[in-house]
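Each chain, letter by letter, is given below.
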Amino acid sequence: MQKTIVVLGMHRSATSLVACGLHQEISMGDDLLPASGSNPRGHFEDRHFVRLNDRILSAAGGSWDRPPSRQAILGVGERFSDQIQSTLDLASSGKEIWGFKDPRTTLTVPLYLPFLQNPHFVCCFRAPDQVARSLQRRNRFALEKGLRLAAIYNRRLLEFLSDFTGQVHEPLNGS
């Protein structure tokens, strides 16, 4: 049976580090974003997932740094079903174990879930103040904006985990 590993977590929460480690053993994508100044070893994000998540978030009225409501994302889900399925099929073709990572998926994962085969989620959390300082350096965001984004992503991830497992998951470090 095929196994799908999905790395979830806020930007700047060590998702690239985790995906890098996974990529040593399994495919994390065939068209990965290149390294950058903020991620010199690479992002380990397949461009197909990044583009699809950007389109979903835009259709729902937002972006990675202006997250639309969960309801708005769910509201556009049906419109993206075929694209989600074809992106997953392309990425997983011929692979017994494979994975993908894009922090935006933390917001869009409920749309992917019905199409994932045997999913396993690796969830990354980092202290919100550290995320905010990292975003301040990388994106020149105000600390308040970084804290707000970390809180939104962490809350959405915990809500997803609660829905997926049927167990209540409490926020960490005040997020």
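Preceding this paragraph is the structure being described.
Residues numbered from 1 in each chain as written. Predicted model: local features only at pLDDT ≥ 70, side-chain atom pairs only at ≥ 80, totals over all residues. Heavy atoms only, no water.

J.: Let's hear about unusual backbone geometry: which residues, and what values?
T.: In this structure, alanine 14 is a non-glycine residue whose phi angle is positive, near 75°. Among the residues examined, alanine 14 registers a relative accessible area of 39% and is labelled partly exposed. Phi is positive for phenylalanine 44, which is not a glycine, with a value near 60°. With respect to the helices and strands, the residue phenylalanine 44 is situated in the loop between helix H1 (15-23) and helix H2 (47-59). (Buried < 20%, exposed > 50% of the residue type's maximum accessible area, 1.4 Å probe, protein only. Helix = DSSP H or I, 4+ residues; strand = E, 2+ residues; numbered from the N terminus.)

J.: Go over helix H4 (residues 77-92) with me, naming the residues and quoting the values.
T.: For H4, which comprises 16 residues, the first-to-last C-alpha distance of 21 Å matches the rise-based estimate of 22 Å (1.5 Å per residue) to within 8%. Along its length, H4 reaches its greatest deviation from straightness, about 30°, at glutamine 83. Burial in H4 covers these residues: Gly77, Phe80, Ile84, Thr87, Leu88, Ala91 and Ser92. Of the surrounding elements, those touching the buried residues of H4 are H2, helix H3 (70-75), strand E2 (97-101) and helix H5 (105-112). A positive backbone phi angle near 75° is found at glycine 94, which sits one or two residues after H4. (Expected span 1.5 Å × (residues − 1). Bend = angle between axes of the 7 residues up to and from the residue. Contact = heavy atoms within 4.5 Å.)

J.: Which residues make up the layout of surface pockets, and what values do they have?
T.: Looking at the largest pocket, its volume works out to about 290 Å³. Arg12, Ser16, Asn39, His43 and Arg138 are, among the 21 residues lining the largest pocket, the residues nearest its centre. Put simply, the parts of the chain that give the lining of the largest pocket at least two residues each are H1 and helix H6 (128-139). For the lining of the largest pocket, the leading source of residues is H6, giving 4 residues. Across the lining of the largest pocket, the residue classes tally to 6 nonpolar, 8 polar and 7 charged. (1 Å grid on protein atoms, 1.4 Å probe; cavity = no way out; pocket = protein on both sides within 12 Å on 5 of 7 lines; lining within 4 Å. Points joined across faces, edges and corners; volume = space filled by probe spheres on them. Nonpolar A, V, L, I, M, F, W, Y, C, P; charged D, E, K, R; others polar.)

J.: Before we move on, could you go through the packing of aromatic side chains and cite the residues and values that matter?
T.: Following the criterion strictly, the structure yields 9 aromatic pairs and no others. Judged by centre distance (4.0 Å) and plane angle (5°), the rings of phenylalanine 49 and phenylalanine 100 are stacked. Here phenylalanine 49 is found in helix H2, whereas its partner phenylalanine 100 is found in strand E2, with 51 residues between them in sequence. The exposure classification of phenylalanine 49 matches that of phenylalanine 100, with both residues buried. Measuring from ring centre to ring centre gives 6.1 Å for phenylalanine 49 and tyrosine 112, while their planes differ by 35°; the resulting arrangement is tilted. Of the two residues, phenylalanine 49 is situated in helix H2 and tyrosine 112 in helix H5; the sequence distance between them amounts to 63 residues. Exposure class is identical for phenylalanine 49 and tyrosine 112. Each is buried. Members of the aromatic cluster, each reached through a chain of ring pairs, are Phe49, Trp98, Phe100 and Tyr112. The ring of phenylalanine 141 carries lysine 145 above its face, with NZ or CZ at 4.2 Å from the centroid. (Phe/Tyr/Trp six-rings, centres within 6.5 Å; stacked < 30°, edge-to-face > 60°. Lys NZ or Arg CZ within 6 Å of the ring centre and 35° of its normal.)

Keep in mind these numbers describe shape, not what the thing actually does.
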